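Residue strings, one per chain:
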Amino acid sequence: MKKSIQFCLSLLLLSVFNVSVFAQKTTTYAQSTTQLQLEKNNIQVENLSFTDALGPENQLQHTASFDFFLSDDAATQNILRILQVYTKEQASRQLNFVTLNYAGDPLQERFYDNAVVEEILFNALDATSKAPFKATVKIRAGSVKIQKGGTRPDLAPRNKRRALTANFSITLGNLPTTRVAKISGLGIKPGDGSYINLTIEVMAIDGAAWNQWFLTGAAGLRKEKGNIHLLAPDLKGVLYSFSLYDVEIVSYTGGSSGNQQTISRATIGLRLKGLAVK
């Protein structure tokens, strides 16, 4: 009986040990991170996904997408400004993604040569949300090289202030913009030349001026220029500035909700020829 009890205890301890080892491996995997290296700038990125496939005439096609949060550190600012000019004409450029374990040691590197940025999308600016403001980048490349391990990179800075979707301001000609509640559709297509469509929500009290712009200046009869500023957490400094060029109004939707507890808004559709991050 005593031997039987000891045997059961041994099995139990072995099971606990195996579970502990498995949990440790799972935790280690979960704590892996990915860094983007671009022209001596390093930042952490999220949700890296990639596809290597055969295209027409059996040509290799390499695409990838990733997210990163906008913050006040110089590396993030530099990378965003560099990516917005990665067009077909800007060849021989390389993006390097390094996957690190929990200790910061490199597990794998993916080198994208002759990379071209197809699109940079931003989540909506929303005065009612405290979500971080992020960019989603889609790229394609002429070739990809994979390397295991590699040199340990300099870690991205930790003491940085992230931009929040609620902390923004906008100016657009002489239009009333102090009560703009939401801006959707921000994005950049480097070298594409196509229009960018934005949707802006303003308090209904300011809607008349926007509606007048549509009634008298739609179809490109009146164009405006302006800026969107991403503000620091203290709402004093400017982390990023989006310059808006050749802005046209394409739609106006207003009305009353009939509910005194609901703040009425007007929704404005805009089309612009250019957007640049500064």
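Summarised in this report is the structure supplied together with it. The model shown is predicted, which means the values in this text are computed figures rather than measured ones. Residue numbers restart at each chain and count upward from 1, following the sequence in its written direction. The predicted origin of the model limits local features to residues at a pLDDT of at least 70 and limits the giving and counting of side-chain atom pairs to 80 or more, whereas totals for whole chains, interfaces and linings rest on all residues. Only hydrogens and water are set aside when side-chain values are computed; all heavy atoms of the structure are taken into account.

### Topic: the packing of aromatic side chains
Then, in step 1: Pairing of aromatic side chains here covers Phe, Tyr and the six-membered ring of Trp, requires ring centres within 6.5 Å, and sorts the geometry by plane angle: under 30 degrees stacked, over 60 edge-to-face, intermediate tilted. Under the defined criterion, the tally for this structure stands at seven aromatic pairs.
Then, in step 2: Relative to F68, the ring of F66 has its centre 6.4 Å away and its plane inclined at 25°; by these criteria the two rings are stacked.
Then, in step 3: Each residue is assigned to one of three classes by its accessible area relative to the maximum for its type, calculated with a 1.4 Å probe on protein chains only: buried under 20%, partly exposed between the two thresholds, exposed over 50%. Among the residues examined, F66 registers a relative accessible area of 0% and is labelled buried.
Then, in step 4: Taking 5.7 Å as the distance between ring centres and 90° as the angle between the ring planes, the aromatic pair formed by F97 and Y112 counts as edge-to-face. Remark: Y112 occurs in strand 5 (residues 106-113) and F97 occurs in strand 4 (residues 94-100); sequence separation between them is 15 residues. In this description a helix means any DSSP run of H or I spanning at least four residues, a strand means any run of E spanning at least two, and both kinds are numbered starting from the N terminus.

### A look at the pattern of salt bridges
Then, in step 1: We define a salt bridge as a side-chain nitrogen of Lys or Arg found within 4 Å of a carboxyl oxygen belonging to Asp or Glu. This model, assessed by the stated rule, comprises eleven salt bridges.
Then, in step 2: A salt bridge links R140 to E118, with the shortest nitrogen-to-oxygen separation between them at 3.0 Å. Note that R140 is positioned in strand 8 (residues 134-141) and E118 in strand 6 (residues 116-122), a separation of 22 residues in sequence.
Then, in step 3: One salt bridge in this structure joins R179 and D206, with 2.9 Å as the shortest N-O distance. Taken together, the residues span a long stretch of sequence, with R179 in the loop between strand 10 (168-172) and strand 11 (180-184) and D206 in the loop between strand 13 (196-203) and helix 3 (207-217) at a distance of 27 residues.
Then, in step 4: Take D206: its relative accessible area is 8%, and that puts it in the buried class.
Then, in step 5: Three or more residues are tied together by salt bridges with common partners; here these are E119, K138 and K189.

### Quick word on the nonpolar core
Then, in step 1: By size, the foremost hydrophobic cluster in this structure holds 57 residues, and its most contacted members are F66, F68, L70, L83, L95 and F122.
Then, in step 2: Look past the residues within four positions of L95 in its chain and what remains in contact with it is L36, Q37, L38, F66, L83, Y86, R110, F111, Y112, A115 and I139. The set of buried Ala, Val, Leu, Ile, Met, Phe, Trp, Tyr and Cys residues whose side-chain atoms join them within 4.5 Å is what this entry labels a nonpolar core. Contacts: residue pairs with any heavy atoms within 4.5 Å of one another.

### Side note on the pairing of strand 11
Then, in step 1: Strand pairing is assigned whenever DSSP detects at least two bridges linking the two strands. Judged from the two bridges that link them, strand 7 (residues 125-126) and strand 11 form a sheet pairing that is antiparallel. Paired with L125 across the strands is I183, a residue of strand 11.
Then, in step 2: As defined by bridge partners, strand 11 adjoins strand 13 across four bridges and the pair is classed as antiparallel. In the sheet register, I183 faces strand 13, and the bridge partner there is I200.

By themselves, these are just geometric observations and shouldn't be taken as functional.
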